[in-house]
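Commentary on secondary and tertiary structure
Here is how the chains run, residue by residue.
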Amino acid sequence: RKRESSQKHDVSVQPVSTTATSWRGGEVAVLHESNFLKRGADSSNRMTPSTSKASSKTPRASSAGKKVRSRVHTMIEAGKNSGSGEDDSNVRELVRFLERRPQCVNVTWLDKRVEDNTVPPGFTVCPTLSEVLRRCGCGALFKHQANAIKAARSGKSVVIATPTASGKSMCYVIPIFEAIMEEKSNAKALLMFPLKALANDQLNKMRRFTECAQEMVFEINTAAATAKSTKEKNDFLNEHYPGIDMKRLQRLADAKMAVCDGDTADDVKAEIRKQGTQVILTNPDSLHHAMLPGHKSWGKKFWGNIKYVVLDEAHTHTGVAGSHVANVLRRLLRVCTLWDSSSRVEFICTSATISNPVAHVRRLTTRTPVCIDESGAPSGEKAMVLWQPPAAEGPS
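Please read all numbers here as calculations on a predicted model, not as lab measurements.

Concerning the overall build of the protein chain
Broken down by element type, the protein chain carries 15 helices and 11 strands. Considering the protein chain as a whole, with its 396 residues, one finds that 43% of them fall into the buried category. Across the protein chain, every contact between residues at least 6 apart in sequence was considered, and the portion connecting residues at least 24 apart equals 76%. Carbon and sulfur atoms make up 49% of the accessible area of the protein chain, which amounts to about 21,100 Å² in all.

What about the packing of helix α14 (residues 319-339) against helix α15 (residues 357-365)?
The contact between α14 and α15 brings their axes to 7 Å, and the two run at 55 degrees. As summarised for this structure, α14 and α15 are arranged oblique, according to the angle between their axes. Along the contact surface, α14 presents Gly-322, Val-325, Ala-326, Leu-329, Arg-330 and Leu-333, while α15 presents Arg-362, Arg-363, Leu-364 and Thr-365. Looking at the contact of α14 with α15 residue by residue, the classes come out as 5 nonpolar, 2 polar and 3 charged.

Observations concerning the pairing of strand β7 (residues 279-282)
Across the two faces of β7 the burial is the same, with Val-279 and Leu-281 and Ile-280 and Thr-282 all buried. Sheet topology note: the strand β6 (residues 257-259)/β7 ladder contains 3 bridges and is parallel. Bridging across to β7, Met-257 finds its partner in Val-279. Of the crossover connections in this fold, the one passing from β6 over helix α11 (residues 266-274) to the parallel β7 is right-handed.

Side note on α14
With 21 residues, α14 extends 31 Å from end C-alpha to end C-alpha; this agrees with the ideal 30 Å at 1.5 Å per step. Taken residue by residue, α14 has Gly-322, Val-325, Ala-326, Val-328, Leu-329, Leu-332, Leu-333, Val-335 and Cys-336 as its buried positions. For α14, the secondary structure elements touched by its buried residues are β5 (188-192), α12 (284-291), α13 (295-303), β8 (306-311), β9 (346-351) and α15.

Quick word on the environment of Arg-248
Relative to the assigned elements, Arg-248 resides in helix α10 (residues 246-253). The exposure class of Arg-248 is buried, given its relative accessible area of 16%. The sequence separation of Arg-248 and Glu-178 amounts to 70 residues, and the corresponding C-alpha distance is 9.1 Å. For Arg-248, the residues in contact, after removing those within four places along its chain, are Cys-126, Met-181 and Glu-182.

Description of the side chain of Asp-340
Its place among the elements puts Asp-340 in the loop between α14 and β9. Despite being buried, Asp-340 has no salt bridge partner; Lys-300 is the closest side chain of opposite charge, sitting 5.2 Å away. The contact partners of Asp-340, leaving out residues within four places of it in the chain, are Lys-300 and Gly-304.

Section: the sheet that holds β9
Pairing between the strands of a sheet comes from backbone hydrogen bonds, and it takes one of two forms, parallel or antiparallel. Strand order across the open sheet formed by 7 strands is β6-β7-β5-β8-β9-β4-β10, with parallel pairing between neighbours. Either end of the sheet is taken by a strand with one partner, and the two such strands are β6 and β10 (370-372). The sheet shows a mean angle of 15 degrees between the axes of neighbouring strands, direction not considered. Judged from the 4 bridges that link them, strand β4 (residues 158-161) and β9 form a sheet pairing that is parallel. Looking at the pairing, Val-159 lines up with Cys-349 of β9.

Things to note about the nonpolar core
Judged by nonpolar contacts, the single largest core of 53 residues is most densely connected at Val-132, Ile-176, Phe-177, Leu-191 and Leu-249. The leading source of residues in this core is helix α7 (residues 170-181), at 10 residues. If near-sequence neighbours (up to four positions away) are discounted, Leu-249 is found in contact with Thr-128, Val-132, Ala-213, Met-216, Val-217, Ile-220 and Ile-244. In this structure, Val-159, Leu-329, Leu-332 and Val-361 belong to the second largest nonpolar core, which totals 30 residues.

Describing the packing of helix α8 (residues 196-223) against α10
At a minimum axis distance of 8 Å, the contact between α8 and α10 shows a crossing angle of 135 degrees. By the angle between their axes, α8 is oblique relative to α10. Of the two elements, α8 crosses α10, and the hand of that crossing is left-handed. Together, Thr-210, Ala-213, Gln-214, Met-216, Val-217, Ile-220 and Asn-221 of α8 and Met-246, Leu-249, Gln-250, Leu-252 and Ala-253 of α10 make up the contact between the two elements.

Description of the packing of aromatic side chains
Per the stated rule, a full pass over the model turns up 4 aromatic pairs. Between the aromatic rings of Phe-177 and Phe-209, the centroid separation amounts to 5.8 Å while the plane-to-plane angle is 65 degrees, which identifies the pairing as edge-to-face. Highlighted residues: Phe-177 in helix α7 and Phe-209 in helix α8, separated in sequence by 32 residues. Just as Phe-177 is buried, Phe-209 falls in that class too. Measuring from ring centre to ring centre gives 5.0 Å for Phe-302 and Trp-303, while their planes differ by 75 degrees; the resulting arrangement is edge-to-face. Through successive ring pairs, a cluster of aromatic residues spans Trp-298, Phe-302 and Trp-303. Between the NZ or CZ atom of Arg-92 and the centre of the ring of Trp-109, over which it lies, the distance is 4.5 Å. It is Arg-273 that lies over the ring of Trp-298; its NZ or CZ is 5.7 Å from the centre.

Side note on unusual backbone geometry
Only a minority of non-glycine residues have a phi that is not negative, and only a minority of peptide bonds are not trans. Of note, Lys-184 is a non-glycine position whose phi angle comes to about 55 degrees, a positive value. Here Lys-184 is to be found in the loop between α7 and β5. Accessibility expressed as a relative area gives 79% for Lys-184, which makes it exposed. At Glu-313, a position not held by glycine, the phi torsion is positive, near 55 degrees. In this structure, Glu-313 sits in the loop between β8 and α14. Here Glu-313 falls in the partly exposed class, since its relative accessible area comes to 28%.

What counts, and at which threshold
Residues numbered from 1 in each chain as written. Predicted model: local features only at pLDDT ≥ 70, side-chain atom pairs only at ≥ 80, totals over all residues. Heavy atoms only, no water. Helix = DSSP H or I, 4+ residues; strand = E, 2+ residues; numbered from the N terminus. Buried < 20%, exposed > 50% of the residue type's maximum accessible area, 1.4 Å probe, protein only. Contact = heavy atoms within 4.5 Å. Areas by Shrake-Rupley, 256 points an atom, 1.4 Å probe, with all protein chains shown as cover. Axes fitted to C-alpha atoms, helices over the stretch in contact; angles between N-to-C directions. Parallel < 35°, antiparallel > 145°, perpendicular 65-115°, else oblique. Nonpolar A, V, L, I, M, F, W, Y, C, P; charged D, E, K, R; others polar. Pairing = 2+ DSSP bridges. Right-handed = clockwise from strand over helix to strand, strands pointing away. Expected span 1.5 Å × (residues − 1). Lys, Arg positive; Asp, Glu negative; His and termini not counted. Salt bridge = Lys/Arg side-chain N within 4 Å of Asp/Glu carboxyl O. Core = buried A, V, L, I, M, F, W, Y, C linked by side-chain atoms within 4.5 Å. Left-handed = near helix turned anticlockwise from the far one by under 90°. Phe/Tyr/Trp six-rings, centres within 6.5 Å; stacked < 30°, edge-to-face > 60°. Lys NZ or Arg CZ within 6 Å of the ring centre and 35° of its normal.

In structure tokens:
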């Protein structure tokens, strides 16, 4: 129990049921011990819910259980409506209430983590991209983001294994945009997500940056329209938009991105190939069933210029399904080499806080990645509550 609640899980071990309740002032996670049922040794030691008839039955709720749930619900609502959320008294009151219940096995408090914006020596982001990020609401980079970006720039594969909501997506968004903004760059990126919803959500987020770049281009061109010569225009840019490179900004504004998966119509796929889309968001199944078998229709313009392959939620690719994804990625590398023997594709993988991220990514991609597992993102104080519900009554 102690290891399950305080240490990182190995990629082959996954908790089944976790209930998390959060406020601005803190967070409470209640782990249901009865859901940690381990399989036999011949099933990769994955923790899964029991499939027996006895365990599938839900015990009838007792009046005491209803009172507990009612009290917890009341406290949750009080926490949500506590104004600024800076006062954590509601969280601690809830934890104290749960701790007094007979079902509570253990309570462990995890300290809050302060923001760390330390960057490697000499690390900078170009002023043009920095201004776009600033206008999109992105502040200073966290420590793990800067370290991951530096590793990707150096031509190494990277795995970012930091907690949820720590800004892992910026670790691959910035290197991709930097590659697109380079002069005479034909760089392409292939992003793979385990779920279609994640791909569409990330596409919307990435389009915010290109739309912001388009707005900046329009704003600057409109403001500089009165300039009578190139010198006057350059002087105006240096005075009002110092450090902004209009050519790099225009390349970012013109960046083409699209989701290409099983839901994408054939005519839309043809248009994606024709216009030379630089960033493709898909999933391993679509890559396996559609893109790789039809790699000739994409040609060297795409496969020969892939610089980054992003594998989001890499920890989900385990077991038989994970071995399938590993073979698909090996086929992807062979296709890229077929179209350009000098190409060197690198992977940027994101993962949950598992205990073996390097070994896991190496098995998936054949690359030995740089591991970034020390988060610089802030985090509130958390209480981990191990909860033992009553045993379900059923046939013996």
